[in-house]
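Structural features, examined
Single-letter residue listing:
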Amino acid sequence: MVRNAYRKVFSNKGSAGVDEQDWEQFQGNLSKNLYKLWNRMASGSYFPKPVKEVIIPKADGGKRKLGIPTISDRIAQEVVKAYLEPRLEAVFVVNSYGYRPQKSAHQALEKVRENARKYPWVIDMDIKSFFDEVSHELLMKAIDKHVDENWVKLYIRRWLQTPVQTKDGLVPKTGQGTPQGGVISPLLANLFLHYVLDKWLELTFPSVTFVRYADDVVVHCISEKQSHYVLEAIRRRLANCKLRLSEQKTKITYCQDYCRPIRKDYPKSFDFLGHSFKPMRKKSVKNDGVFLGFDGEMSMKARSRIIGEWREMNFQRNSSLTLQDLAKMLNTKSRGIINYYGKMNILAVSKLFRHLDLRLAKWVKNKFKSLKSSYKKANDWLRDIKLKYPTMFYHWQLNT
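How each quantity is defined
Residues numbered from 1 in each chain as written. Predicted model: local features only at pLDDT ≥ 70, side-chain atom pairs only at ≥ 80, totals over all residues. Heavy atoms only, no water. Pairing = 2+ DSSP bridges. Helix = DSSP H or I, 4+ residues; strand = E, 2+ residues; numbered from the N terminus. Axes fitted to C-alpha atoms, helices over the stretch in contact; angles between N-to-C directions. Contact = heavy atoms within 4.5 Å. Buried < 20%, exposed > 50% of the residue type's maximum accessible area, 1.4 Å probe, protein only. Arc of directions from axis to C-beta. Polar contact = N/O pair within 3.5 Å; in protein donor to acceptor, adjacent residues only side chain to side chain. Core = buried A, V, L, I, M, F, W, Y, C linked by side-chain atoms within 4.5 Å. Patch = residues over 30% accessible without salt bridge, like charges linked within 9 Å, V, L, I, M, F, W, Y side chains within 5 Å. Areas by Shrake-Rupley, 256 points an atom, 1.4 Å probe, with all protein chains shown as cover. Salt bridge = Lys/Arg side-chain N within 4 Å of Asp/Glu carboxyl O. Parallel < 35°, antiparallel > 145°, perpendicular 65-115°, else oblique. Nonpolar A, V, L, I, M, F, W, Y, C, P; charged D, E, K, R; others polar.

1. Quick notes on the sheet that holds strand 6 (residues 209–213)
Taking strand neighbours across the sheet as the criterion, the 4 strands line up as 6-7-3-8 in an open arrangement whose pairing is antiparallel. Either end of the sheet is taken by a strand with one partner, and the two such strands are strand 6 and strand 8 (251–254). Looking at each pair of strands side by side, their axes are set apart by 20° on average, direction ignored. In this sheet, strand 7 (residues 216–221) lies alongside strand 6 in antiparallel orientation, the contact comprising 5 bridges. The residue of strand 7 that forms the bridge with F210 is V219. Together, strand 6 and strand 7 form the strand contacts of helix 5 (residues 105–118), whose direction differs from that of strand 6 by roughly 160°. In the packing of helix 9 (residues 185–204) onto the sheet, contacts are made with strand 3 (121–126), strand 6 and strand 7, and the angle to strand 6 comes to roughly 170°.

See below:
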């Protein structure tokens, strides 16, 4: 179990924890490190080290706190995760998609798209500080329902109680929170929300449907009245389970399309997993015309974030680079953007990459004095390169 967990954690790489031990150091004495971990877990003498706090800026200006365990602790968590996951997977509902085997963000997005065509009303929910406020008492109650093995429950309790190492010192846990960044945290979060929301929604409101990806949730309702009633019930349910909604980010949305009455008193769009669902012009298959549909595409937040990352790279001013250097620098990121956002709406992604082509043209102008006078000459030069080497930049393949 420890060897298999090591292989899984190693494939995901990741940074060092509070002990500053990286993968090169850990593998320098691999057999001894794995034996020590196995021996301690098997005897009950395994105690995790504090998790290292890492602050990640969010798109809305806020901050996300990640808790990074040490490499040994990540392997230990993977041991328990692999042991528990099959039995918990048999319990989880089909509308939960986050961090589950054979489930993906694209499946969740497609389900939201499908539901929006059937249900006119959406509750766009945001659970405030979910990973920081998960109740240990209620989580262990859910664990006790499915886990009889004392060694599993022992280590889960120890991970939940592990203090956080911040820049200001060691911060102890106070009966709530699970580190966002731990290997086992997504599984524990799914189990917690399975009972807080998933099963509760299915039993209490069988006429609504929902899609949940970790703590991102959208609930689809059949009427305006039902959406308000369900939202208020969810607010009470979360309060009973020691959670709360972010009132600024939670809203009711009307999915306006060509066959629904026009409403001007509700928002017409919501964001989910980096995509915006909103009314948009769609081509008709029957008569080559257009109609107003309700569909999804890359959100403006995601678009702005990516353009901001290109701007920070500032490669257009570095004339010492070659075109091949730029391709090597950009292609991995471009492939990820296209593979994730292009499945929902490739046209919006194509428009995004015009910004990248503009920056490449700026680089051409700075690189070659003969092309410095105009963007047209720089674009013509790039176009000729694109015709000869259409796969040099990954995003150039969008044109074909």
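2. Re helix 1 (residues 2–12)
Turning to helix 1, its buried residues number three or more, namely V2, A5, Y6 and V9. Buried residues of helix 1, seen end-on, are gathered within an arc of 105° and therefore sit on one face of the element. For helix 1, the exposed residues set more than 90 degrees away from the buried face come down to R3 and N4. Backbone geometry just after helix 1 places K13 at a positive phi near 55°.

3. Concerning the side chain of S276
Structurally, the position occupied by S276 is in strand 10 (residues 275–283). Assessed through its relative accessible area of 9%, S276 is described here as buried. Side chain to side chain, S276 and D271 meet in a polar contact 2.5 Å long. Those residues in contact with S276 that lie beyond four places of it in its chain are F270, D271, D295, G296, E297, M298, S299 and M300.

4. With respect to the nonpolar core
Formed by 64 residues in total, the largest nonpolar core has its most connected members in I75, M125, I156, L197 and V219. Counting residues per element, this core draws most heavily on helix 9, at 10 residues. Sequence-distant contacts of L197, that is, excluding residues within four places in its chain, are made with M125, I127, V217, I234 and L238. Among the nonpolar cores identified, the runner-up in size contains 29 residues, and M298, F353, L371 and L382 belong to it.

5. A few points about the side chain of T250
For T250, the position within the fold is in the loop between helix 10 (224–240) and strand 8. By relative accessible area, T250 is classed as buried at 11%. From its side chain, T250 meets the backbone oxygen of S246 in a polar contact 2.9 Å long. If sequence neighbours within four positions are ignored, T250 has contacts with D124, M125, D126, L231 and L245.

6. Structural notes on a nonpolar patch on the surface
A cluster of nonpolar side chains, namely M1, Y83 and W151, defines an oily patch on the protein surface of about 300 Å² accessible area. Among the structural elements, Y83 can be located in helix 4 (residues 71–89).

7. Describing the packing of helix 11 (residues 300–313) against helix 12 (residues 323–341)
Two numbers describe how helix 11 lies on helix 12: the axes approach to 13 Å, and their chain directions differ by 175°. Relative to helix 12, helix 11 is oriented roughly antiparallel. The segment helix 11 lies against helix 12, with A302, R305, I306, E309, W310 and M313 engaging M329, L330, K333, I337 and Y341. Counted by class, the contact of helix 11 with helix 12 contains 8 nonpolar, no polar and 3 charged residues.

8. Things to note about the sheet that holds strand 5 (residues 169–171)
Strand order in the open sheet formed by 4 strands is 2-1-4-5, with mixed pairing between adjacent strands. One side of each edge strand has no neighbouring strand; the edge strands of this open sheet are strand 2 (63–68) and strand 5. Taken over all neighbouring pairs, the strand axes of this sheet differ in orientation by 40° on average, direction set aside. Bridging between strand 1 (residues 51–57) and strand 2 involves 6 bridges; their strand directions are antiparallel. Paired with K52 across the bridge in strand 2 is I68.

9. Here we look at the pairing of strand 10
Here strand 9 (residues 270–272) pairs with strand 10 via 3 bridges, running antiparallel. Bridging from a neighbouring strand, F270 pairs with F277 of strand 10. The pairing of strand 10 with strand 11 (residues 290–298) spans 9 bridges and is antiparallel. Counterpart to K282 in the pairing with strand 11 is F291.

Geometry only, nothing functional implied.
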